[in-house]
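As a plain string of letters, each chain reads:
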Amino acid sequence: MNQHIRVEEKPIPFIDVVAQRRRLGRAIDDAVARVLAHCQFVQGPEVREFEAALAAFAGVRHAIGCASGTDALLLVLMAWEIGRGDAVICPSFTYHATAEMVALLGATPIIADVAPETFNLDPASCERAIATASKRGLKPRAIIPVDLFGLPADHDAIGAIAAAHGLLVLDDAAQAFGATYRGKKLGALATATATSFFPAKPLGCYGDGGAVFTDDDALAARVKSLRLHGEGADRSEAARIGITGRLDTIQAAVLIEKLKIFPDEIVARNRVAARYSDALAEVAAVPRVGNESSSVWAQYTLRVAPGRRDAFAAALKAEGIPTAIYYTKPLHRQPAYRDFPVADGGVPVSEQLSKEVISLPMHAYLEPPVQDRIIDAVRRALAG
């Protein structure tokens, strides 16, 4: 006999890529089949088609597909010839890939703090980090703000600091592509922008992938060369030392179809976030989005009192509700990065956030009954 399974008894995925796959259905199958038919697996026509659609979506002249979000960061830094003796400002409260490419090229990440309201790079700490770099005999070259959890950083303030000090800005929008800041989409706000299409991102493929965005024609030409082993006038010429950083054609085909529904998914994510915030604001510190920005809600992240987070996570787990913590170790406490300089004044906000933040399930297909179950569990756990 068939037994009815109540909604609240079903497992709750933290990010539901399966629901999206069901929605896309044959569109993805057909897109991949077209690649299998023409067999242009590297730099096939879908790559160029996706890059054109991506540039139009972001409102920039150039969108350059690459192998990952990390490669996107690397390619821009290589194009700018960042290297030994140079300093690049990075926030502490981020995934360490932000600073990884800086260190890999022999430059020095200078670790700055974030703002408590947005979790994004604090402009005042950024200024102090530039001074810290100069005091250590390093040449400040660039700033990498991170649009954390889907919310844009304060790009006007960071851009003004960069202009005052003659620095370049590389926006790490791996978690926030599709968000807007003062009417502009990410990709059009900095000298260059990098994003990731890792499957769990708001716009994700079925493997690794990324992109670089810029309005700088010369920079775009260098990035395109660098992602193809530094290719010059033709494939036989190495104009510069590069890498293999190309976006696979199959992943581009998948992303073409996903980009078509991405605007709808952004609306759905914001609907879920608004419902969370309305229901939880009186019991928890919920994320805030200023009137001049929009978020794509890569994560919906609460702050709970220090010392209560583990019990809170355990209580939700007991009710079948997954949570995630980003980041228990900020950048300055990661073993590989603890010897790099920290901005004068330290990073106390990053330290505090690492003890308090916890993220709830978030995706475009989170139905109201499931969200109600999560909200009720959160309220019970915090009340207890």
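Note that the coordinates shown come from a computational prediction; the quantities given were computed from them, not determined experimentally.

> Looking at this model, I keep getting lost on the pairing of strand S4 (residues 139-143). Mind explaining?
Where a strand is regular, its side chains alternate between the two sheet faces. Burial analysis of S4 places four of its five residues in the buried class, the great majority of the element. As judged from the four bridges shared by strand S2 (residues 86-91) and S4, these two strands associate in the parallel manner. For Ile89, the partnering residue across the bridge sits in S4 and is Ile143. As paired elements, S4 and strand S5 (residues 168-172) share two bridges and run parallel to each other. Within the sheet, the bridge partner assigned to Ala142 lies in S5 and is Leu168.

> Which parts of the structure should I look at to understand the packing of aromatic side chains?
The geometry of an aromatic ring pair is captured by the separation of the ring centres together with the interplanar angle, meaning the angle of the planes. Inspection of the entire model under this criterion finds 15 aromatic pairs. Each ring, one from Tyr326 and one from Tyr327, has its centre 5.8 Å from the other, and the planes form 70 degrees; the classification is edge-to-face. Here Tyr327 falls in the buried class, since its relative accessible area comes to 10%. Taken together, the aromatic side chains of Phe93, Phe119, Phe149, Tyr326 and Tyr327 make up a single cluster linked through ring pairs. Above the face of the Phe57 ring, Lys185 is positioned so that its terminal group lies 4.7 Å from the ring centre.

> How should the environment of Arg308 be read in this particular structure?
For Arg308, the position within the fold is in the loop between strand S11 (300-303) and helix H10 (309-318). A distance of 3.5 Å separates a polar atom in the side chain of Arg308 from the backbone oxygen of Ala381.

> How do you make sense of the confidence of the model for the chain when you look at a structure like this?
Close inspection of predicted coordinates is inappropriate for parts of the model with low pLDDT. On average, the chain scores 95 in pLDDT, and the residues at 70 or more come to 97%. Scored below 50 in pLDDT, residues 1-8 shows five contacts in the model against residues more than four places distant or in partner chains.

> I'm lost on the pattern of salt bridges in this one. Help?
Pairing between side chains becomes possible if they bear opposite charge and their charged atoms approach one another. Applying the stated criterion to the full structure yields 16 salt bridges. Between Asp29 and Arg21 there is a salt bridge, with the nearest N and O atoms lying 2.5 Å from each other. Judged by relative accessible area, Asp29 falls into the partly exposed class, the value being 34%. Among the residues examined, Arg21 registers a relative accessible area of 29% and is labelled partly exposed. For Arg23, the salt bridge goes to Asp264, with nearest N and O atoms at 3.3 Å. Of this pair, Arg23 sits in helix H1 (residues 17-24) while Asp264 sits in helix H9 (residues 249-280), placing them 241 residues apart in sequence. Arg23 gets classed as partly exposed once you look at its relative accessible area, which sits at 39%. Within this structure, Arg34, Glu257 and Lys260 form a network of salt bridges that share partners.

> In this structure, what is going on with the environment of Val223? I would like to understand it.
Checked against the element boundaries, Val223 lands in helix H8 (residues 217-226). The exposure class of Val223 is buried, given its relative accessible area of 0%. Separated by 15 residues in the primary sequence, Val223 and Asp208 have C-alpha atoms spaced 18 Å apart. With near-sequence residues (within four places) excluded, Val223 lies in contact with Ile64, Leu75, Val76, Ala79 and Val212.

Definitions and cut-offs
Residues numbered from 1 in each chain as written. Predicted model: local features only at pLDDT ≥ 70, side-chain atom pairs only at ≥ 80, totals over all residues. Heavy atoms only, no water. Buried < 20%, exposed > 50% of the residue type's maximum accessible area, 1.4 Å probe, protein only. Helix = DSSP H or I, 4+ residues; strand = E, 2+ residues; numbered from the N terminus. Pairing = 2+ DSSP bridges. Phe/Tyr/Trp six-rings, centres within 6.5 Å; stacked < 30°, edge-to-face > 60°. Lys NZ or Arg CZ within 6 Å of the ring centre and 35° of its normal. Polar contact = N/O pair within 3.5 Å; in protein donor to acceptor, adjacent residues only side chain to side chain. pLDDT = per-residue confidence, 0-100. Contact = heavy atoms within 4.5 Å. Salt bridge = Lys/Arg side-chain N within 4 Å of Asp/Glu carboxyl O.

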